[in-house]
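# Descriptive structure summary
Residues per chain are reported as follows:
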Amino acid sequence: MTAYFISAIFAGAMILLAAFISNSIKFEGGSNPTDPGKRKMWFWIMAIINPIVCYTIGWLVLAPNAESKQMQFDEYMAVLPIATVVGFFMQLQQY
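Note that this is a predicted model, so its numbers are computed, not measured. (Residues numbered from 1 in each chain as written. Predicted model: local features only at pLDDT ≥ 70, side-chain atom pairs only at ≥ 80, totals over all residues. Heavy atoms only, no water.)

Turning our eyes to something else, we now look at the overall build of the protein chain. When its secondary structure is counted, the protein chain shows three helices and zero strands. Listed by position from the N terminus, the elements making up the protein chain come as α-α-α. Taken over the C-alpha trace, the protein chain has a radius of gyration of 17 Å; the compact-globule value for 95 residues is 12 Å, which it surpasses by more than 25%. For the protein chain, the spread of C-alpha atoms along the principal axes amounts to about 65 × 20 × 15 Å. Residues classed as buried in the protein chain amount to 28% of the 95 residues present. Sequence-distant contacts in the protein chain: of pairs separated by 6 or more residues, those separated by 24 or more amount to 67%. In the protein chain, the 5 positive side-chain charges and the 5 negative ones have mean positions that sit 18 Å from each other. (Helix = DSSP H or I, 4+ residues; strand = E, 2+ residues; numbered from the N terminus. Rg over C-alpha atoms; globule rule 2.2 N^0.38 Å. Buried < 20%, exposed > 50% of the residue type's maximum accessible area, 1.4 Å probe, protein only. Contact = heavy atoms within 4.5 Å. Lys, Arg positive; Asp, Glu negative; His and termini not counted. Charge placed at Lys NZ, Arg CZ, Asp CG, Glu CD.)

With that settled, the discussion passes to the side chain of Ser7. Inspection of the secondary structure puts Ser7 in helix α1 (residues 2-24). A distance of 2.4 Å separates the side chain of Ser7 from the backbone oxygen of Ala83, its partner in a polar contact. A polar atom in the side chain of Ser7 sits 3.2 Å from the backbone nitrogen of Gly87. Setting aside residues no more than four positions away along its own chain, Ser7 makes contact with Cys54, Ala83, Thr84, Val86 and Gly87. (Polar contact = N/O pair within 3.5 Å; in protein donor to acceptor, adjacent residues only side chain to side chain.)

On to the packing of helix α2 (residues 35-62) against helix α3 (residues 70-93). Closest axis-to-axis distance for the α2/α3 pair is 10 Å, and the angle between their directions is 160°. By the angle class used here, α2 and α3 are roughly antiparallel. As α2 runs across α3, the sense of the crossing is right-handed. Residues Phe43, Trp44, Met46, Ala47, Asn50, Pro51, Cys54, Tyr55, Gly58, Trp59 and Leu62 of α2 form the contact with α3, whose participating residues are Tyr76, Met77, Leu80, Pro81, Thr84, Gly87, Phe88, Gln91 and Leu92. Considered class by class, the residues forming the contact of α2 with α3 number 15 nonpolar, five polar and no charged. (Axes fitted to C-alpha atoms, helices over the stretch in contact; angles between N-to-C directions. Parallel < 35°, antiparallel > 145°, perpendicular 65-115°, else oblique. Left-handed = near helix turned anticlockwise from the far one by under 90°. Nonpolar A, V, L, I, M, F, W, Y, C, P; charged D, E, K, R; others polar.)

A word on the nonpolar core. If you look at the biggest cluster of nonpolar residues, it comprises seven residues: Ala3, Ala63, Phe73, Tyr76, Met77, Leu80 and Ala83. If you tally residues by element for this core, the top one is α3, at five residues. Aside from chain neighbours lying at most four places away, what touches Ala3 is Tyr76, Val79, Leu80 and Ala83. Membership of the second largest hydrophobic core comes to six residues, among which are Met14, Ala18, Ile21 and Ile25. (Core = buried A, V, L, I, M, F, W, Y, C linked by side-chain atoms within 4.5 Å.)

Once that is clear, we can look at the environment of Trp42. When you line up the elements, Trp42 lands in helix α2. Here Trp42 falls in the partly exposed class, since its relative accessible area comes to 31%. Separated by 15 residues in sequence, Trp42 and Phe27 place their C-alpha atoms 15 Å apart. With near-sequence residues (within four places) excluded, Trp42 lies in contact with Ile21 and Ile25.

With that settled, the discussion passes to the environment of Ile15. Structurally, Ile15 is set in helix α1. Assessed through its relative accessible area of 23%, Ile15 is described here as partly exposed. Distance from Ile15 to Met46, taken between C-alpha atoms, is 7.6 Å for residues 31 residues apart in sequence.

Right under this line is the structure:
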């Protein structure tokens, strides 16, 4: 269950970071503005970084010790990819 909470937290953080970057991009007026494309590009960059960071931190930092708690480690590593994908799709729902 912890992997799902961590994934949701990372998805929320990446959405907030993408929103902050989007708001910092200056609005361009005129008939052919390029700012919507820049905002969309940064959203997709954050959407790609989200699962990479979530999985890496979950695997390297949050995973139980494999030597002493092998059963918990196996269960956690079975859930971590699912939680990462869920977090990725949570971020895509905000687009």
